[in-house]
Structure formats: C-alpha cells, structure tokens
Amino acid sequence: MGKLEGKVAFITGAARGQGRAHAIRLAEEGADVIVVDICAQLESVSYPMGTTEELQETVRAVEALDRRIVARQADVRDVASLRTAFEEGVAQLGPVDIVLANAGIGAGGPAVPEEQEWDEVIGVNLTGVWNTGRVAIPSMLQRGQGGSIVLTSSTGGMVGVGIPTAGFLGYTAAKHGVIGLMRSWANFLAPHNIRVNSVAPTAVRTPMAGDGNLAAILERSPGLAYALTNPMPVDMIEARDVSNAIAWLVSDDARYVTGTVVPVDAGLLNKR
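Residues numbered from 1 in each chain as written. Predicted model: local features only at pLDDT ≥ 70, side-chain atom pairs only at ≥ 80, totals over all residues. Heavy atoms only, no water.

- In the annotation of an unreviewed UniProt entry, the entry for the protein chain reads SDR family mycofactocin-dependent oxidoreductase, and the organism field reads Trujillonella endophytica.
- Heading Sequence similarities (unreviewed entry) of the UniProt record for the protein chain holds this comment: "Belongs to the short-chain dehydrogenases/reductases (SDR) family." (UniProt positions renumbered as here; feature names shortened; annotations may be inferred.)

1. Describing the nonpolar core
- Core analysis: the largest hydrophobic core is formed by 45 residues, its most contacted members being F10, I105, I149 and L151.
- Contributions of two or more residues to this core are made by β1 (8–12), β2 (32–37), α3 (79–93), β4 (98–101), α4 (114–143), β5 (147–152), α5 (166–189) and β6 (194–201).
- Top element by residues in this core is α5. It accounts for 9 residues.
- Setting aside residues up to four positions removed in sequence, F10 forms contacts with I34, V36, L82, F86, V96, I98, V99, L100, T132 and A136.
- A21, A23, A245 and V264 belong to the second largest nonpolar core, which has 33 residues in total. (Core = buried A, V, L, I, M, F, W, Y, C linked by side-chain atoms within 4.5 Å. Buried < 20%, exposed > 50% of the residue type's maximum accessible area, 1.4 Å probe, protein only. Helix = DSSP H or I, 4+ residues; strand = E, 2+ residues; numbered from the N terminus. Contact = heavy atoms within 4.5 Å.)

2. Focus: the pattern of salt bridges
- A full pass over the atoms with the stated rule returns 14 salt bridges.
- Residues R68 and D32 are paired through a salt bridge, measuring 3.0 Å at the closest nitrogen-oxygen approach. Of this pair, R68 sits in the loop between α2 (52–63) and β3 (69–73) while D32 sits in strand β2, and the two are 36 residues apart along the sequence.
- On the basis of relative accessible area, D32 is assigned to the buried category, the value being 5%.
- Linked through salt bridges whose partners overlap, the residues forming this network are E5, D32, R67 and R68. (Salt bridge = Lys/Arg side-chain N within 4 Å of Asp/Glu carboxyl O.)

3. Topic: the packing of aromatic side chains
- Inspection of every chain in the model, using the stated rule, returns 1 aromatic pair.
- Residues F10 and F86 carry aromatic rings whose centres are separated by 5.0 Å and whose planes lie at 70° to one another, so their mutual orientation is edge-to-face. In this pair, F10 is assigned in strand β1 and F86 in helix α3, connecting sequence segments 76 residues apart. When sorted by exposure, F10 lands in the same class as F86, which is buried.
- Between the NZ or CZ atom of R134 and the centre of the ring of W130, over which it lies, the distance is 3.9 Å. (Phe/Tyr/Trp six-rings, centres within 6.5 Å; stacked < 30°, edge-to-face > 60°. Lys NZ or Arg CZ within 6 Å of the ring centre and 35° of its normal.)

4. Some remarks on the packing of helix α1 (residues 17–28) against helix α7 (residues 239–249)
- The contact between α1 and α7 brings their axes to 8 Å, and the two run at 45°. What the angle tells us is that α1 and α7 run oblique. Like other packed secondary-structure pairs, α1 and α7 cross with a definite hand, here right-handed. Contacts from G17, Q18, A21, H22, R25, L26 and E28 in α1 reach A239, R240, V242, S243, N244, I246 and A247 in α7. (Axes fitted to C-alpha atoms, helices over the stretch in contact; angles between N-to-C directions. Parallel < 35°, antiparallel > 145°, perpendicular 65-115°, else oblique. Left-handed = near helix turned anticlockwise from the far one by under 90°.)

5. Observations concerning the pairing of β4
- Both faces of β4 are covered, namely the face carrying I98 and L100 and the face carrying V99 and A101.
- Pairing of β1 with β4 involves 3 bridges; the strand directions are parallel. The residue bridging A9 from the neighbouring strand is I98, located in β4.
- Summarising the sheet, β4 and β5 pair through 4 bridges and their orientation is parallel. Bridged to V99 within β5 is I149.
- Viewed along the sheet, the connection from β4 through α4 into β5 turns out right-handed. (Pairing = 2+ DSSP bridges. Right-handed = clockwise from strand over helix to strand, strands pointing away.)

6. Concerning the environment of R272
- By the secondary structure assignment, R272 is in the segment after β7 (261–264).
- Put simply, R272 and V204 are 68 residues apart on the chain and 19 Å apart in space, counted from C-alpha to C-alpha.

7. Some words on the environment of L4
- Tracing the backbone through its elements, the reader meets L4 in the segment before β1.
- A residue is classified by how much of its surface remains accessible, and L4, at 1% relative accessible area, is buried.
- Other than its neighbours up to four places away in sequence, L4 contacts L26, E29, G30, A31, I98, V250 and S251.

8. Structural notes on the side chain of N197
- Looking at the secondary structure, you find N197 in strand β6.
- Owing to a relative accessible area of 0%, N197 belongs among the buried residues under this scheme.

9. Topic: the packing of α3 against α4
- One can describe the packing of α3 onto α4 by two numbers: an axis separation of 9 Å at closest approach and a directional angle of 40°. The orientation of α3 with respect to α4, classified from their angle, is oblique. By crossing handedness, the relation of α3 to α4 is classed as right-handed. Of the residues in α4, those in contact with V79, L82, R83 and F86 of α3 are N131, T132, R134, V135, A136 and S139.
- Along the lines of polarity and charge, the residues of the contact of α3 with α4 split into 5 nonpolar, 3 polar and 2 charged. (Nonpolar A, V, L, I, M, F, W, Y, C, P; charged D, E, K, R; others polar.)

If you want it as structure tokens, here you go:
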C-alpha cells in the first residue's frame, strides 16, 4: 500500500514536464488525480507548450498504474474554467486532499509587447497559483479533514536573476510572490491541519528548459550562466527529482512540515 492510498490530488499544468511527473509519482503512492492544462500556446512563450494529446499521455500513464484520473483543459488564469474542472473531478473521484499548483511558463519568448510578456508570466505563474488555491481551499476547509498544498516556486523565487527584461522580471517577481502566498496560506490554514509548502527547483529537464539543452538556453540568454550553474555535477535535474520531494511533502512523513520552501537545487542556492 502506498503512502497516499485513498487520497485525491488536484494538479495543474499536467500535460507533460513536472506536472505529469507529479501525477505519476503520486499515483505510484496510491493517489487518484484530477489534472488540468491549458493545452494551448501563449504568444510570449518561445517553446511549444503542452497539447491535448500530451494530456492524454498523462491519463494513460496514470491509468497504467491502476489509478483513477480526470483530465480537463483549463487555463489557470480563468478561475471559472478552473473551478469547473475541479468540481467535475471531485464529482467523479471524491474530495481533494492534495493540491499541487504547478502550472507555469518560462520567460523570454518571441517579440511581443513587454506589457503582454509581463502580464502572461504573472498571470500564469502567480495569479494562476492564487486561483488554484481559491478554487480548492474552500472545499478542504468545509470537509475538515486537513490536507496538503504544494506551490511550485523556483530558485528564481529565492534570488534575483538580474536580467532586466519584462519576461525575466515577471518570472522572478511571480516566483517570489508564490513563496509569500505560501507563507500566508500556511499561517491561515495551519489551525485546520492543512499544510502549505513550496518547492524551489533549479533548472529541470523539461520542454520549458529546452529538454536539457543548456547550451542553447545560455546562447539565447548569457546572463543566466551563473544563475543556472549548479555546484553539484549536474546541469539540470529531472522532473522526478522534484516529484519525489513533493511525494514526501504531501505524505504523513511530513505531517508537521508547513510554511517552508524545499529547494531541489543541486546546491545552487547555497553558493549565494
């Protein structure tokens, strides 16, 4: 029996990358999952974003583990569509115990107005996290059975990257904001036995990071060289490395861990 047997998790940004890895890892521990993804391309994003076909790959991967899954296309910036997806999932799988606000986009896309680039990265990476919480938290409070919430930040949410473009400034500001949101929710929800934490990964080998092509990223943005250089001998970590940390955070093994940031960073923050 897994550590999350009988639990239901709500995961955003799950068509691929970290979101898919989280869905699989939690399913391995016995959880059923509700997953959402925008499955569309934003103009300010340079890499191809997740698709409906990739979201169905997540469904197949979870079902192969003999766990239940409900997948919906929803934009985390649109609280109404996100709430509909959440409620449809709960109707099929039951009340949610675990929330992973994972959906996020990278900065530095095509030539779009800087206001658009700022708005899109803030909208997904910060407003989307707030929307995820305000959709899920009321039902957790009403149920009164506690739970666990993990917000995905970044090492960029702990330091200033130092690249003065709208995308990178917005990304860094959003990821810092996620940590502030986490700390506020942790204090508010602690009396209800709902734990709230954040993970702060270094660069992760996903499509957002060019699937591990660090040289290409640094060629586009040389200023990232120091920010992405890990002390441990690994250029990027794997999505599952983050998922393993989250599987611990949402389990009873971490039942008194709340209001904290867990770096999965190969020592990156320690060199500051």
